[in-house]
Amino acid sequence: RTFFLYTERMDLSFRALDCFCFGGLEALFCIGFAILEKLEVQLLQHNFMEIVMILSKLEDVDIGEVFARASEIELPSNLHLTEELEMDYIYRFGKC
């Protein structure tokens, strides 16, 4: 729910928010998967607390490469996160 605002990289935060507005939750999942893929080797060499620090700074990540890779990721066709979120909102709070 933080939309990548936990990171010190504001360029990432703004681009992720743009992608969310355009592509919904699915876009955020793709961005997250792309970041994890990019940092996979590095993350596997550290403990949990170090991983948290790496993910909060994202110093070694080329944002252009991350978003290029995120645009290539295809989620399963039966995954409809944005629709499920909308249905959950309607169930809890009613229609706007």
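The structure presented is a predicted model; accordingly, all values stated were derived computationally and were not measured. (Residues numbered from 1 in each chain as written. Predicted model: local features only at pLDDT ≥ 70, side-chain atom pairs only at ≥ 80, totals over all residues. Heavy atoms only, no water.)

Enquirer: Sorry, what's going on with the pattern of salt bridges here?
Expert: Oppositely charged side chains are able to pair whenever their charged atoms sit close together. For the structure on display, the rule yields 5 salt bridges. Note that K38 is salt-bridged to E65, the shortest N-O span being 2.5 Å. You can see K38 sitting in helix α2 (residues 25-43) and its partner E65 sitting in helix α4 (residues 63-72), a full 27 residues away along the chain. In the salt-bridge network here, residues are joined through shared partners; they are E37, R69 and E72. (Salt bridge = Lys/Arg side-chain N within 4 Å of Asp/Glu carboxyl O. Helix = DSSP H or I, 4+ residues; strand = E, 2+ residues; numbered from the N terminus.)

Enquirer: Would you mind going over α2 with me for this structure?
Expert: An α-helix turns once per 3.6 residues; consequently, residues spaced three or four apart project the same way. For α2, the principal kink sits at E37 and spans about 40 degrees. Buried within α2 we find E26, A27, L28, C30, I31, G32, A34, I35, L39 and L43. (Bend = angle between axes of the 7 residues up to and from the residue. Buried < 20%, exposed > 50% of the residue type's maximum accessible area, 1.4 Å probe, protein only.)

Enquirer: Teacher, can you tell me more about the confidence of the model for the protein chain here?
Expert: Overall, the predicted model of the protein chain reaches an average pLDDT of 87, with 96% of residues at or above 70. When mean pLDDT is compared element by element in the protein chain, α4 scores highest at 95, while helix α5 (residues 81-93) scores lowest at 82. (pLDDT = per-residue confidence, 0-100.)

Enquirer: What is the right way to look at the packing of α2 against α4 in this model?
Expert: The description of two packed helices rests on the angle between their axes and on the distance between the axes. Remark: α2 packs on α4, axes separated minimally by 8 Å, with the N-to-C direction vectors making an angle of 120 degrees. In terms of orientation, α2 lies oblique with respect to α4. Like other packed secondary-structure pairs, α2 and α4 cross with a definite hand, here right-handed. Only E65, V66, F67, R69 and A70 of α4 make contact with α2, whose side of the interface consists of C30, I31, A34, I35, E37 and K38. (Axes fitted to C-alpha atoms, helices over the stretch in contact; angles between N-to-C directions. Parallel < 35°, antiparallel > 145°, perpendicular 65-115°, else oblique. Left-handed = near helix turned anticlockwise from the far one by under 90°. Contact = heavy atoms within 4.5 Å.)

Enquirer: Please explain the packing of α2 against α5 as it appears in this structure.
Expert: At a closest axis distance of 7 Å, the pairing of α2 and α5 adopts a crossing angle of 130 degrees. With respect to their mutual orientation, α2 and α5 come out oblique. Note on element contacts: α5 touches α2 through L81, T82 and L85, opposite L25, E26 and F29. Looking at the contact of α2 with α5 residue by residue, the class counts come to 4 nonpolar, 1 polar and 1 charged. (Nonpolar A, V, L, I, M, F, W, Y, C, P; charged D, E, K, R; others polar.)

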